[in-house]
Amino acid sequence: MKISGSEAIIKCLLEENVDLIYGYPGGAIMPFYDSLYNFQDKINHVLVRHEQGATHAAQGYSRSSGKVGVVIATSGPGATNLVTGIADAQIDSTPMVCITGQVASNLLGSDAFQETDIIGITTPITKWNYQITKASEISTILSKAFYIARSGRPGPVLIDITKDAQFEMTEFLYKKHKKLRSYNPKPEISDNSITDACALINKAKKPFILFGQGVILANAEEEFKKLIEKTGIPSAWTILGLSALATDHPLNVGMLGMHGNYGPNVLTNECDLLIAVGMRFDDRVTGNLNYYAKQAKIIHLEIDPAEINKNVKVDVAVQGDLKNTLPKIIEKVEEKKYEKWLEKFRELNQIEYDKVIKDDLFPKKEKITMGEVIHQINIATKGNAIIVTDVGQHQMVACRYAKFNESKSNITSGGLGTMGFALPAAIGAKMGAPKREVIAVIGDGGFQMTIQELGTILQTGVPVKIVVLNNDFLGMVRQWQQLFFDKRYSSTEMVNPDFVAIANGYQIESERISKREDLKENIQKMIDSPNPFFMEVVVGKEDNVFPMIPTGESVSNMRLS
Amino acid sequence: MEKKENYTVSIYTENNIGLLNRISAIFLKRHINIDTINSSPSELDQIYRFVIVVKVSEKDIKKIITQIEKQIEVIAAFFHTDQETIFQESALYKVKSKSLFEERHIQNIIKNSHAKIVTVSPEFFVIEKTGFREETEKLYKDLAPYGLLQFVRSGRISVTKEPLNITEILNEK
Ligand SMILES: Cc1ncc(C[n+]2csc(CCOP(=O)(O)OP(=O)(O)O)c2C)c(N)n1
Ligand SMILES: [Mg+2]
């Protein structure tokens, strides 16, 4: 029996166990939406308010559930609105399949109404992309798309489907892709690399582990914990690695990078062995590479060969999926403890506590600090919530201070630093993990980049909690202007609307907090609510995030004020 | 600054629309100018081979190769220095027929350069020369004074001295 191409797309989604998609209709994707009408009981389509919101929602969904996020958009402007989210998913390795409508194949290249070369546009920001012009291609190409998006180092795939291919009738036969001759998502593990790595680990005096999102993407949190508990090695995280290991684990020594903790940054330049686990030595983590861990031997456990020796030259590369490489390493390493070495991290982190953290979390000044808001959230959620952050000062503060017991709890735009990410990503995160509390922490600037997604919350009723930390500034940029541009606040001060009135307009219960004594009780009220909840917290206008490694400086030159 | 050198990049790929874009985007992203590029069917059925020449440092070419290999439809990519490859370029020169008869000297140039005459017509004739860049370049300079109607040079085509284990790579996958 023949079915239409558009129905074939839906059948493919069902074959891939997709029951939730994010999208926005338009001319070139209308046949798909028409077929979808018959499958409303099987696939929940979330109508976002802007296609960028669909991509971030799909990312949030994927990051909280581990599944592939699916996005639908029309041709032309619908497709170009996906670009930011696709680039974000690419750099943060988030599995996502975007399906865009395209003008009919006989019109391709003619500048037809709403024609855009979305394949050309998304080539550098997708793991793979493809244009379908015949209905008979749909099942093979979509099965390939899902296979590529989720295997190996995950990433976004875009499939552009012409309108005539959606209308055309075709036989439907679905075969899951398991292999492509030009693609090797699970490279074979070299035994030598394991032996060499273990030899270095066993003889190290001051070993130090850096872990990233690879641990989460490989589902290797348990294996990772076993490794550090057996070897006793102090471990620090990149912001995408945050929550892969409980924040209060005794071997968790904190956050790496520009606004990370003092101990792990400074001691990067004192360790004798650096073991990078599923992380990619981003410049926000390494600071100036000419002064980065030059004294140490370096081991890199990584699935993507293109990351090995890209930024930092390594002594031993253990290429492979962490789920497979970690057990092999655990088997060969000796049980150890590094009490004295660990104590050094604690000492430096104590200095940071006295000089920075104490005043952030328990401030004496009048205005509420971002840090104490996060601290109160920790108390109310006991570290069990998913926290979705936007980009800016509030993001760094939230990542520094949030407590997490469970993996997949920290969702943020790391590599691209996309303002506007948090609100739609929180919607997706809650749908991907409905049993968990999901709290979005957003700046007043970023909130206004995707504020229209409050409409998606209104329509779906998805009970996300939104905390806007309002400093009436593009705070992070203002901080740099203060520190490095003589306080010349060029276009960073914001005249903001009445956020509470806006939230109320979307029928979301809301509060504005500006006094410390109201904070705790209202956060509790927000957590207790079974409904969406919006909370604006008025914080100090010109507070800064410290410590900080200024750009171009070495990790050991971290400033505490 | 690290020393830059000519590298010949050989890329074996599936035959898919858009792959050229994907590969050139990697050079674009790093702000690297492609010197020559050639794409053709390879010795293996249904597999294509790109030959790209770029001038970069050894450190960069290694990273570029892994980033090219990472593209889904790329089967394998290799890089070689000029010493490690046997390479040639072809050039075509279109000259007015009149000058061939009026300028005796042109006949000597053609003879000495071991170029081939491909076509002769009453208005023009076409010479073909295959060789190193310096050789096709020299012939260009020699002929230019007599008026070249058209001149075109192909991208580099090259084979490596060492065997490329592309069939083994395919069998492993
Ligand atoms: C889409 C986008 N545009 C610009 C930037 C540059 N940028 C980084 S942080 C920041 C300020 C964010 O302000 P706000 O959302 O109020 O957060 P705050 O830093 O005040 O906490 C800006 C403009 C960005 N990261 N993303
Ligand atoms: Mg702000």
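What you see is a predicted model; the values in this text were computed from it and never measured.

### Description of the site of ligand 1
All names here are of chain A.
Move 1: Residues in close proximity to ligand 1 total 18 residues, the closest being Q393, H394, G417, G446 and G475.
Move 2: One of the backbone N or O atoms of G417 is found 2.8 Å from a nitrogen atom in ligand 1.
Move 3: Take N471: an N or O atom from its side chain is 2.9 Å from an oxygen atom of ligand 1.
Move 4: Looking at side-chain class alone, the shell around ligand 1 contains eight nonpolar, nine polar and one charged residues.

### Observations concerning helix α16 (residues 370-381) of chain A
Residue and element names in this part refer to chain A.
Move 1: For α16, built from twelve residues, the straight-helix expectation of 16 Å at 1.5 Å per residue is met to within 8% by its first-to-last C-alpha distance of 17 Å.
Move 2: When we look at burial in α16, the residues that qualify are M370, G371, E372, V373, I374, H375, Q376, I377, N378, A380 and T381.
Move 3: Trailing α16 by a residue or two, K382 shows a phi angle of about 55 degrees, which is positive.

### Some points on the environment of A:M494
Move 1: Position of A:M494 relative to the elements: it lies in the loop between α21 (475-484) and α22 (499-505).
Move 2: Sequence-wise, A:M494 and A:I466 are 28 residues apart; in three dimensions their C-alpha atoms are separated by 20 Å.

### With respect to the pattern of salt bridges
All names here are of chain A.
Move 1: Overall, the coordinates contain 36 salt bridges over all chains when judged by the stated rule.
Move 2: Two residues, E307 and K310, come together in a salt bridge whose shortest N-O distance is 3.0 Å. This pair shows no difference in class: E307 is buried, exactly as K310 is.
Move 3: The partner of R346 in a salt bridge is E343, with the nearest N and O atoms 3.1 Å apart. Taken as a pair, R346 and E343 lie in helix α15 (residues 339-361) at a separation of three residues, close to a single helical turn.

### A look at the coordination of the magnesium ion (ligand 2)
Residues and elements named next belong to chain A.
Move 1: Coordination of the magnesium ion (ligand 2) by the protein comes from D444 (OD), N471 (OD1) and F473 (O), over a distance range of 2.1 Å.
Move 2: Mapping the donors of the magnesium ion (ligand 2) onto the primary sequence gives the spacing D-x26-N-x1-F. Placement of the pair is D444 in helix α19 (residues 444-447) and F473 in the loop between β18 (465-470) and α21, with a sequence separation of 29 residues.
Move 3: Given the relative accessible area of 4%, F473 is considered buried.

Quick notes on the rules
Residues numbered from 1 in each chain as written. Chains lettered and ligands numbered in written order. Predicted model: local features only at pLDDT ≥ 70, side-chain atom pairs only at ≥ 80, totals over all residues. Heavy atoms only, no water. Near = heavy atom within 4 Å. Polar contact = N/O pair within 3.5 Å; in protein donor to acceptor, adjacent residues only side chain to side chain. Nonpolar A, V, L, I, M, F, W, Y, C, P; charged D, E, K, R; others polar. Helix = DSSP H or I, 4+ residues; strand = E, 2+ residues; numbered from the N terminus. Expected span 1.5 Å × (residues − 1). Buried < 20%, exposed > 50% of the residue type's maximum accessible area, 1.4 Å probe, protein only. Salt bridge = Lys/Arg side-chain N within 4 Å of Asp/Glu carboxyl O. Donors = N, O, S within 2.8 Å, 3.2 Å for Na, K, Ca; no water.

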